[in-house]
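Each chain, letter by letter, is given below.
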Amino acid sequence: MTFKEFLKDNIVILDGGMGTLLQSKGLKPGEYPEGWNLSNSREIIDIHKAYFDAGSNVVCTNTFGANILKFSEGELEKIIEAAVENAKTARKESNSPQEKFIALDMGPTGKLLKPMGELDFEDAVKSFAQTVRIGVKCGVDLVIVETMNDSYETKAALLAVKENSDLPVIVTNVYGEDAKLMTGATPEAMVALLEGMGVDALGANCSLGPKQLHSVARLLVENASVPVVMKPNAGLPETENGETYFNVDTAEFAAEVALMLCDGVRVVGGCCGTTPEYIKALSAKVKDITPVAVEKKNHTVVSSYSHTVKFGGKPVLIGERINPTGKKRFKQALVEGDIDYILNEGINQRDKGVHVLDVNVGLPDIDEAQMLQNAVFRLQNVVDLPLQIDTSDALAMEKALRLYNGKAMINSVNGKAESMAAVFPLVKKYGGVVVALTLDENGIPADYEGRVRIAERILSVAAEYGIDKKDIVFDTLAMTVSADNNAAVATLKALNEIRHRLGCHTSLGVSNVSFGLPQRDAVNSVFFALALENGLSAAIMNPYSEDMMKTYYSFNALRGMDENCAEYVSAAQSFSAVASRTLTEAPKQERLYSSELQYAIGNGLKEKASQLTKELLEATDALGIVNSEIIPALNIVGEGFEKKIVYLPQLLMSAEAAKSAFEVIKENTPSGEKGDSKGTFVIATVYGDIHDIGKNIVKLLMENYGYNVIDLGKNVPPEEIVKAVLENDVRLVGLSALMTTTVPAMEETIKLLKEKAPLCKTVVGGAVLTEAYAQKIGADKYAKDAMETVRYAGEVLG
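This write-up is about the structure you can find in this document. (Residues numbered from 1 in each chain as written. Predicted model: local features only at pLDDT ≥ 70, side-chain atom pairs only at ≥ 80, totals over all residues. Heavy atoms only, no water.)

Observations concerning the pairing of strand S15 (residues 387-390)
Here's step 1: Covered by surrounding structure in S15 are Leu387 and Ile389 together with Gln388 and Asp390, the residues of both alternating faces.
Here's step 2: Here three bridges tie strand S14 (residues 356-359) to S15, and the two strands are oriented parallel to one another. Opposite valine 359, over in S15, you have isoleucine 389 as the bridge partner.
Here's step 3: Relative to strand S16 (residues 409-414), S15 runs parallel, the two sharing three bridges. Counterpart to glutamine 388 in the pairing with S16 is methionine 409.
Here's step 4: For the crossover from S15 across helix H15 (residues 394-403) to S16, the handedness is right-handed. (Buried < 20%, exposed > 50% of the residue type's maximum accessible area, 1.4 Å probe, protein only. Helix = DSSP H or I, 4+ residues; strand = E, 2+ residues; numbered from the N terminus. Pairing = 2+ DSSP bridges. Right-handed = clockwise from strand over helix to strand, strands pointing away.)

Pasting the structure below:
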């Protein structure tokens, strides 16, 4: 029986933790667990066998951190070959009767991807791909990608698996107490991304205990059409006499996970702190539970790195302004490569209330594929709205889809065989909701029946590619009424038929209807209202049009989709005098910032921030710019981050914009006028841990807040940290650890610091830490995120 066959009708039991077991068997601080596949193979075999004997259907190879960024090619191949052989040996030695499978285990690289970090997306794909190819050659049954806290790296890993094997693949992410990934993705957003790319099962692991993950499990089950996986920790870590333990015992763990199974979860196991005893208790509970059937959800959704936009409720507004058609200034920006102009259009439309941004950069004078790729890459890091990739160039479409951090809208495909053959394979590979135009080789039918027939044919061909109708949105093509009196009637009838008889969602480029007519907004807004009443799901429209926005909010209120007319009342307050407002009078997000430079920094506009800083330096001293412009902007974004209304990518892009402003100040100002450093801060990832994402985020923010940061890197021995503190008379040290196995090294470092530098404070952070745990290992402060470290530095260093 294959794993896919077993997954279809059964509850699947995975294994539990590996790192804590290796520690108990003598894994030293700084020693790579993967190396034990070669040096201590019998210990690894015994752990795998213990999990099989306890009832695990799937055992993960000891390859969590096995990648080319950590090992040489020769080392990597030997480690993975040994890891798979160890798991196979354990399977042969185990006499337990259940079905048994071996999964190639892949964890994160430990690096942030560009532009937040240094790792290029394609380099991440290559790293994962090399691991996958070796695992496939060694004969694993499936691949498990786990402990991913960034949606972008998750996509890179899944893409590597899909491009280099035909094995089943499971993906699990790390959700915090706010039920989001570190970089902001909700469970719904991860379902959209992962299902769109064809994952076989998806879920959550690590970070929290089973009780704290119930809400995440429910959201995943409610939205996923594939089996849901849950691998909680054995509660929260604590220490006693230098030993790490977890505060949820086997009975409680099994009982809580069993409740998840009753709620519809289908694949279960354990993460940090769990042992074969936990899996044995869980296996005993599972015997009495009937698997809940996986229900197909017919949700039409697109997503960004942070959230989804679902079709079928309130109409979806797609901002049309990132498009050169009829826009002289926009064309100029494209020719000049002025990305900031495009970013500004995106930010402004977001602030006007659109839900999705259309991105069209097609112009004969430029390399469309490269420009579209650049525009999508930059936009998705300053605006958290889903994007609609709008191009007729298949090469440009694929480049943009590959780099897109989410499930995109794709504009468009049509009824021509050539178009479907070019676009549908991309939709299938990368995921997406594709806009289908009701035209074919014979053009656009004048009657609505002809357009409906084309829609039916598109659905039929899409099904052959494995694309469900929920991922197709039909555009029945608004034609200008000045050329044909019946044009709008045919469009609306086709729209109504497709929405209500075929059961598909619909979209229109509304403004096309009024070409050639005076007072176009009046025609557009009435046509918009008629289309909405006929079942229009989404409109590509101009959010700066007051008439269109009035129609939208009025329709929602009249159709019972606006509780107490609250959104209508709020929108009505900004329906007039928009053009004459200044930044301080502007609505929504703009109102937060008191100057153009603050606005540029707050929105992550690096080039704009540099330009404005240069201009300000002509009349303002450097210290005044730092204290009145840069720091206040960072504070606003930081407060938004702490309130969970700004996400990590936005925080880091703002920090990068601030950095660009600081660079201008450094280049153009004598050193004495820049202002003194607020103090020196040493930061390091502790010995044995190669993950430096959290460390790098803290470093960037601390530097932008005016601190001198000494970054010692990753895998840093305690003695080296103490040496840096003593040599530089440092009063505050930041320590980071992602892995349970490296927390003892953090405790050892803190102990040595207290002995050698008693006046120095320590602030610690990382996925495996809690406030109570930090206190037990002697840390002065536990920071749940980078901004809390900045706040604490202000207390300690001033």
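With respect to the pattern of salt bridges
Here's step 1: Under the defined criterion, the tally for this structure stands at 36 salt bridges.
Here's step 2: Between lysine 4 and aspartate 200 there is a salt bridge, with its nearest N and O atoms 3.6 Å apart. Here the residue lysine 4 occupies a position in helix H1 (residues 3-9), and aspartate 200 occupies one in the loop between helix H8 (187-196) and strand S6 (201-205), the gap between them amounting to 196 residues.
Here's step 3: Residue lysine 4 is classed as partly exposed on the basis of its relative accessible area, which comes to 45%.
Here's step 4: On the basis of relative accessibility, which here comes to 15%, the residue aspartate 200 falls in the buried class.
Here's step 5: Across the pair glutamate 755 and lysine 756 runs a salt bridge, and its minimum N-O distance is 3.7 Å.
Here's step 6: Residue glutamate 755 is classed as exposed on the basis of its relative accessible area, which comes to 54%.
Here's step 7: Classification of lysine 756 by relative accessible area gives partly exposed; the value is 46%. (Salt bridge = Lys/Arg side-chain N within 4 Å of Asp/Glu carboxyl O.)

Remarks on the sheet that holds strand S19 (residues 505-509)
Here's step 1: With parallel pairing, eight strands are arranged side by side around a closed barrel as S13-S14-S15-S16-S17-S18-S19-S20. Mean inter-strand twist for the sheet, computed between neighbouring axes without regard to direction, equals 30°.
Here's step 2: Helix-sheet contacts for helix H16 (residues 417-430) involve S16 and strand S17 (433-437), and the interaxial angle to S16 is about 155°. (Axes fitted to C-alpha atoms, helices over the stretch in contact; angles between N-to-C directions. Contact = heavy atoms within 4.5 Å.)

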